[in-house]
Amino acid sequence: MRRTVLITGASAGIGAALARTYAAKGWNLILTARREGPLTRLADELTAAHGVTATVIPEDLSDPAAPERLIAAVAARGLTVDGLVNNAGFSRVTGFLDTDLAAHRAMIQVMLTAPVELSRLVLPGMVQRGFGRVLNVASLAGQMPATGGDTLYGPIKSFLIKASQGLHLETLGTGVHVTVLNPGYTLTEFHDVNGSRDQVSRAYPAWMWMDAARVAQIGYDACEANRASVTPGVMNNVMAGLARVLPDGLALKMVANHARRLERL
Ligand SMILES: NC(=O)c1ccc[n+]([C@@H]2O[C@H](COP(=O)([O-])OP(=O)(O)OC[C@H]3O[C@@H](n4cnc5c(N)ncnc54)[C@H](OP(=O)(O)O)[C@@H]3O)[C@@H](O)[C@H]2O)c1
């Protein structure tokens, strides 16, 4: 029997790579994001390559009604969610004060509220059936000291990390695996969307960037192994480890110096 995974933010980047990974393992797919065209092209590609079924349900997760509407649309098609990947996300580097409230609200809605609500909507059924997978895509930023400019991004990801770890513990022994994936710099559309592509490309050498397919495979494997969390890449693990042992004041200073260097580039 094929399982079915619902993937948010599947129209690009890590979400699309996760769709490829799950399909290659024989999972049927429910793909969502705002852009229907890329979702449909990916669905067709993966159906042809792996013989899986791929259902496209476009949604804008910044709409507070979207999570419940999405799960209702899934149920209306007679589909069961065996796996949930909360991946949709973006960052804003425009500064807290210069970004309007609606934009902050959207960020919190897409990356914090929607994953919580989608998890709450599908987890009871997973536990009842004795099988489930929830893979939350957070970020290395959630493990690092705070940064200015994209002020809310790190804290939102820290929330997702902690909430995932709590859910991991809460579902142990039920057949449900909950894992948080914390990518570092990954080659996707992310830095084009937030307008920082040129800057980050100059600041970070190619070896610091990971391929979305590799990140997706590491996330998939960690979730199948029922690991609470995984940070892909040696360098990212070194940085996360450093952030854990450095005193807060020193860590903040280092981040501030780094930000000044980025501004000069
Ligand atoms: N790339 C990195 O360096 C990096 C590092 C750490 C963590 N991450 C995290 O990885 C996840 C995926 O990002 P990515 O790097 O793959 O970026 P990406 O290539 O820009 O993809 C982002 C995905 O999120 C979707 N999305 C954005 N806003 C949405 C909304 N309002 N409603 C529904 N879907 C929405 C986009 O689809 P539509 O535009 O079609 O809606 C797209 O499919 C994010 O949570 C991000 O924070 C990325």
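Residues numbered from 1 in each chain as written. Predicted model: local features only at pLDDT ≥ 70, side-chain atom pairs only at ≥ 80, totals over all residues. Heavy atoms only, no water.

### Points about empty space enclosed by the protein
Point 1. Following the criterion strictly, the structure yields one cavity of 30 Å³ or more and no others.
Point 2. Volume-wise, the largest cavity comes out at about 50 Å³.
Point 3. Around the largest cavity, the lining residues are R92, T94, G95, F96, T99, H104, M107, G149, D150, T151 and L152.
Point 4. Taken together, the residues of the lining of the largest cavity sort by class into three nonpolar, six polar and two charged. (1 Å grid on protein atoms, 1.4 Å probe; cavity = no way out; pocket = protein on both sides within 12 Å on 5 of 7 lines; lining within 4 Å. Points joined across faces, edges and corners; volume = space filled by probe spheres on them. Nonpolar A, V, L, I, M, F, W, Y, C, P; charged D, E, K, R; others polar.)

### Describing the packing of helix α1 (residues 13-24) against helix α8 (residues 212-224)
Point 1. Their axes nearest at 8 Å, the elements α1 and α8 cross at an angle of 60 degrees. The pairing of α1 with α8 is recorded here as oblique in orientation. Between α1 and α8 lies a crossing whose hand is right-handed. Residues G13, I14, A17, L18, T21 and Y22 of α1 form the contact with α8, whose participating residues are A212, A213, V215, A216, Q217 and Y220.
Point 2. Class assignment of the residues belonging to the contact of α1 with α8 gives a composition of nine nonpolar, three polar and no charged. (Axes fitted to C-alpha atoms, helices over the stretch in contact; angles between N-to-C directions. Helix = DSSP H or I, 4+ residues; strand = E, 2+ residues; numbered from the N terminus. Parallel < 35°, antiparallel > 145°, perpendicular 65-115°, else oblique. Left-handed = near helix turned anticlockwise from the far one by under 90°. Contact = heavy atoms within 4.5 Å.)

### What to know about the site of the ligand
Point 1. The full set close to the ligand counts 32 residues, and S11, R34, N87, Y153 and T188 are the nearest of them.
Point 2. Here an oxygen atom of the ligand sits 2.8 Å away from a polar atom, N or O, in the main chain of I14.
Point 3. A distance of 2.9 Å separates an oxygen atom of the ligand from a polar side-chain atom of K157.
Point 4. Look at the ligand: alone it shows 880 Å² of surface, and the protein chains cover 96% of it.
Point 5. Secondary structure elements with two or more residues in the shell around the ligand: α1, α5 (153-170) and α6 (190-193).
Point 6. Among the elements that make up the shell around the ligand, the one with the highest residue count is α6 (three residues).
Point 7. Split by residue class, the shell around the ligand holds 15 nonpolar, 11 polar and six charged. (Near = heavy atom within 4 Å. Polar contact = N/O pair within 3.5 Å; in protein donor to acceptor, adjacent residues only side chain to side chain. Areas by Shrake-Rupley, 256 points an atom, 1.4 Å probe, with all protein chains shown as cover.)

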